[in-house]
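Notes for the structure review
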Amino acid sequence: MVTMPRNATPDDSGTDSTATDHALADELDMDIGGDGTDIDALQSLVSDLGDEVPPPVSSVLELLVGTIDDLQERVDDLEDEVEQTHDVATTAVGNAATNDQRLEELETQQEATHDVAKSAIAKAQQLEADSDHQEDAEQLPEGIEPSSSPLDFFANCRQSKVKTMFVERSNRQNTYRAITVAKRWPEFATTRTDGSGVFMTKADLQTALTAELGKEPHRQTVKRVWEKLVEIGGGDIVEKTRQVGRDQTQTEILAMDMDTAEGLLEKRYVGLDLLENSDHKAATGGVTPVVVESSP
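Residues numbered from 1 in each chain as written. Predicted model: local features only at pLDDT ≥ 70, side-chain atom pairs only at ≥ 80, totals over all residues. Heavy atoms only, no water.

Structural notes on helix α8 (residues 202-213)
Here α8 spans 16 Å end to end across 12 residues, near enough to the 16 Å set by a 1.5 Å rise per residue. Among all positions in α8, only Asp204, Leu205, Ala208 and Leu209 are buried. Each buried residue of α8 lies within a common arc of 135° when the element is viewed along its axis, so the set occupies one face. In this fold, the buried residues of α8 make contact with α6 (173-183), α7 (185-188), β1 (190-191), β2 (197-201) and α9 (219-233). Of the residues one or two after α8, glycine 214 is the one with positive phi, at around 85°. (Helix = DSSP H or I, 4+ residues; strand = E, 2+ residues; numbered from the N terminus. Expected span 1.5 Å × (residues − 1). Buried < 20%, exposed > 50% of the residue type's maximum accessible area, 1.4 Å probe, protein only. Arc of directions from axis to C-beta. Contact = heavy atoms within 4.5 Å.)

Regarding the environment of aspartate 273
Here aspartate 273 shows up in the loop between α10 (258-263) and α11 (279-283). Residue aspartate 273 is classed as partly exposed on the basis of its relative accessible area of 30%. A C-alpha to C-alpha distance of 9.5 Å links aspartate 273 and lysine 161, two positions 112 residues apart in sequence.

Focus: the sheet that holds β1
The four strands lie next to each other as β1-β2-β4-β3, forming an open sheet whose pairing is antiparallel. Each having just a single partner strand, β1 and β3 (238-242) make up the two edges of the open sheet. Alignment of β1 against β2, held across two bridges, turns out to be antiparallel. Following the sheet pairing, threonine 191 is matched in β2 by valine 198. Running at roughly 80° to β2, α8 makes contact with β1, β2 and β4 (251-257) of the sheet. Lying on the sheet, α9 is in contact with β2, β3 and β4; it crosses β4 at an angle near 35°. (Pairing = 2+ DSSP bridges. Axes fitted to C-alpha atoms, helices over the stretch in contact; angles between N-to-C directions.)

Concerning the pairing of β2
Counting buried positions along β2 gives five out of five residues, so the element sits mostly inside the fold. Going residue by residue along β2, you find Gly197, Phe199 and Thr201 tucked away on one face and Val198 and Met200 tucked away on the opposite face as well. Between β1 and β2, which pair antiparallel and follow one another directly, the connecting turn spans five residues, one of which, glycine 195, has a positive phi of 75°. As judged from the five bridges shared by β2 and β4, these two strands associate in the antiparallel manner. Across the sheet, residue threonine 201 finds its bridge partner in β4, namely isoleucine 253.

Keep in mind these values describe shape, not function.
And the structure:
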C-alpha cells in the first residue's frame, strides 16, 4: 500500500517539501525532473493501482490527473500566446523603422515628383500649341512669362542644373556666382527709399560673395563677378554712379527695378527642362530663345 506524504505545515522548509515530493515520485516510479508532466504516465499509474487504494482516493487521483492535464494545456497555451506577442512586438518595431525610412524617402521624392508633373504639363501644352507657332519647338507653356535677360532666365531655373552647366561643364564659376549673388539681393542690396528698385555697390557684392563662398573673395573675383552681372543682366541691370552729397565720392552701383529683382526669385522655369542643349548659348552669354519674348 502506498504511503501518502503528510500535509506541509508553515514550519516545513522548501528543502523538506522537495525531498518529500521526490520520495513520493520514487515510490510511484515517476520522474518529476522533466520540463512537463507526463499525463499518460499518471493516468496509467492510477489505473494500475486498481483495488489497492480505496474508491475515494482513486476518485481524487482521477480528478487530480484531469486537473493537471487541464493546467498543462493552459500552460502550453500561455507559452504560445507569449511567443506570438513577442513576434507581434518585434514585427511592430520593425514596421515602425521601415515606415520612418519610407517617410523620408517619400519626402525626398516629393519635390522630384512635383517637377516631373510640372514638366509633363508643360510638354503637353507645347504639343497643343497653334500650328502658326510650331516652328518654335521650345515655346513656353501658357501662363509662363518669358525672361527679360540671361540673368532672369538662369535665376529662374533649378540652381543645381545651372551649377552643373556653368561650374562642372564649362568651368565658368564667376558666371554662376553672379547669378547666385543677384538672387540674394534681399540680403545684401539696398532698397530705394520709394521702393521702386534696389542697387548694390562693390562693397555689397564683396559681402555677398563672402557669404556665398564662405571666405573673403579676391579683389579680382569681385571685379569679374561685377562684370558678369553687367554682361548677363542685359537691360535688367543698369551700371551707374551714385552720390548722396556734394562732398561724397561717387560710388559705382548696379541697379534693378523692383519688378526685375522680384522676378529673379519666382522659379518660373523649375521643372520645365529648359536647360537641355543650352550649353552653347550659355557659354556665349546669349539668351535661350525659349524664354525671350520676340519683337513684332
